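# Summary of the model geometry
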Amino acid sequence: MTYSVRKAVFPVAGLGTRFLPVTKTVPKELLPVGGKPLIQWAIEEACAAGIEEFCLVTRPGEDLIEAYFRPDPDFEQALQIKENRDSLEKIHALHALGRVICVPQPEPLGLGHAVWSARDFVGGDRFAVLLPDDFLVSERPCLRQMMTTYETVGGNMTAVIAVEPHQTSQYGIFDGADDGDMIVRARAVIEKPDPATAPSNLAIIGRYLLDPTIMEILAQGMIGSGGEIQLTDAMNAMIPQTPLHGHRFSGHRFDCGTIIGFAAANAFHVGQ
């Protein structure tokens, strides 16, 4: 099946404070799960859904992630001399993923601001957003699961999972109704509600398919929860004109923004 979304944005400008001191010099997204960095897993998931162009939103002056994807002829030649074919194949596979560019997020003003920083890359096209921290494992990759339905419903879409009621204050939470076996149509999204007032326990996780007009909303710089520009606020503001659906993710999810989640992802990978 051919999908209409060809571009993806990867916000990777966070400080990774939970992993200090390593993340003082190494971006969290380069930390490996199963011998491969989180950002590569996310880009490979996007590739499996037909994405061809990739934009990494980085901290100003950060070049390690860009260097990871940049061809290095001298390094490849050294591998050839050593006849290290397995390593050379891994490098060639990395470079074959597609066009990867980096743009800076001038200030750490939230996920919505990170997405807005990629506005020139997005242009007038529908696009995906993947948060590499959310390490998702499934027989059919999450973004590919979403894409099939998105081709029918359009608008904006997120991946969602059911969380424990006491965890709602950590997520954007759907207030909506089922619109099929795997789809929920949102009436509204509440950012990090108190468990006592949360409309449901259906939480947004780090996969999005978005209409490009969301950039117009993000450009307004609305300040939301945590004093940041929230992507959920922009999607919420669009609901009267642009529908928002949640796709119930089927698979395993690991929050690799935490040390416990990162360790669990590696343990799961070893067990496969």
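One can find the structure itself at the top, above this paragraph.
The paragraphs below set out a description of the structure included in this document. Throughout this document, residue positions are counted from 1 along each chain, in the order its sequence is written. For this predicted model, a pLDDT threshold of at least 70 governs which residues receive local features, and a threshold of 80 or more governs which side-chain atom pairs are given and counted, while totals over whole chains, interfaces and linings are taken from all residues. Derived side-chain values reflect all non-hydrogen atoms in the structure, with water molecules and hydrogen atoms excluded from consideration.

### Describing helix α9 (residues 231-238)
Filter applied, for reference: Residue burial is assigned from relative accessible area. The probe radius is 1.4 Å, only protein chains are included, and a residue is buried under 20% of its type maximum, exposed over 50%, and partly exposed in between. Under the scheme used here, helices are H or I runs from DSSP no shorter than 4 residues and strands are E runs no shorter than 2 residues, and both carry numbers assigned from the N terminus. Along the arc lie the directions from the helix axis toward the C-beta atoms. The contact definition used throughout considers only heavy atoms, calling two residues in contact when any of these lie within 4.5 Å.
The complete set of buried residues in α9 reads L231, T232, A234, M235 and M238. All buried residues of α9 fall inside an arc of 160° around its axis, so they share one side. Buried residues in α9 make contact with α5 (111-116), β8 (156-162), β10 (183-191), β11 (202-210), α8 (214-218) and β12 (244-248).

### Remarks on the nonpolar core
Note the threshold: As used here, the term nonpolar core means buried Ala, Val, Leu, Ile, Met, Phe, Trp, Tyr and Cys residues forming a set that is joined through side-chain atoms within 4.5 Å.
Core analysis: the biggest nonpolar cluster contains 36 residues, and F10, I51, L143 and L209 have the highest contact counts within it. At the level of secondary structure, the elements contributing two or more residues to this core comprise β1 (7-11), α1 (38-48), β4 (53-58), α2 (64-69), β6 (127-130), α7 (142-153), β8 and β11. Counting residues per element, this core draws most heavily on α7, which supplies five residues. What I51 contacts, discounting residues up to four positions off in sequence, is V5, R6, K7, A8, A46, A128, L143 and M147. Listed in part, the 31 residues of the second largest apolar core include V9, V160, Y208 and I229.

### Brief notes about unusual backbone geometry
That bond from L20 to P21 is cis: its omega, 10°, falls within 30 degrees of zero. Note that P21 resides in the loop between β1 and β2 (32-33). The backbone phi angle of K192 is positive, close to 50°, even though this residue is not glycine. Tracing the sequence through the fold places K192 in the loop between β10 and β11.

### Some points on the state of the cysteines
Short version of the rule: Here, the term disulfide refers to a pair of cysteine sulfur atoms separated by no more than 2.5 Å.
As enumerated under the stated definition, the model contains zero disulfides in all. Not engaged in a disulfide, the cysteine C55 finds its nearest cysteine sulfur in C102; these two sulfurs lie 7.5 Å apart. Residue classification places C55 among the buried residues on the basis of a relative accessible area of 0%. Residue C256 stays outside any disulfide, its sulfur separated by 14 Å from that of C142, the closest cysteine.

### A short note on the pattern of salt bridges
Note the following rule: The rule for a salt bridge is simple: a side-chain nitrogen of Lys or Arg has to be within 4 Å of a carboxyl oxygen of Asp or Glu.
For the structure shown, the criterion picks out seven salt bridges. Its salt-bridge partner being D133, residue K28 comes within 2.8 Å of it at the nearest N-O pair. With K28 in the loop between β1 and β2 and D133 in the loop between β6 and β7 (134-137), the pair connects residues that are 105 residues apart, well separated along the chain. Here D134 makes a salt bridge to R253, at a shortest N to O gap of 2.7 Å. Of this pair, D134 sits in strand β7 while R253 sits in strand β13 (residues 252-255), and the two are 119 residues apart along the sequence.

### Side note on the packing of aromatic side chains
We count it as follows: Under the pairing criterion, centres of Phe, Tyr and Trp rings, with the six-membered ring standing for Trp, must be within 6.5 Å; the plane angle then separates stacked pairs below 30 degrees from edge-to-face pairs above 60, leaving the rest tilted.
Under the counting rule described, the total for this entry stands at five aromatic pairs. For the ring pair F10 and F54, a centre distance of 6.2 Å and an interplane angle of 45° mean the geometry is tilted. Placement of the pair is F10 in strand β1 and F54 in strand β4, with a sequence separation of 44 residues. Accessibility classification places F10 together with F54 in one group, the buried group. A ring pair is formed by W41 and F135, whose centres lie 5.5 Å apart and whose planes are at 80°; its orientation type is edge-to-face. A residue pair is termed long-range when its members are at least 10 positions apart, and W41 in helix α1 and F135 in strand β7 qualify at 94 residues. Three or more aromatic residues joined by ring pairs form one cluster here, namely W41, F135, F254 and F268.

Everything listed here is a matter of geometry and, on its own, says nothing about what the molecule does.
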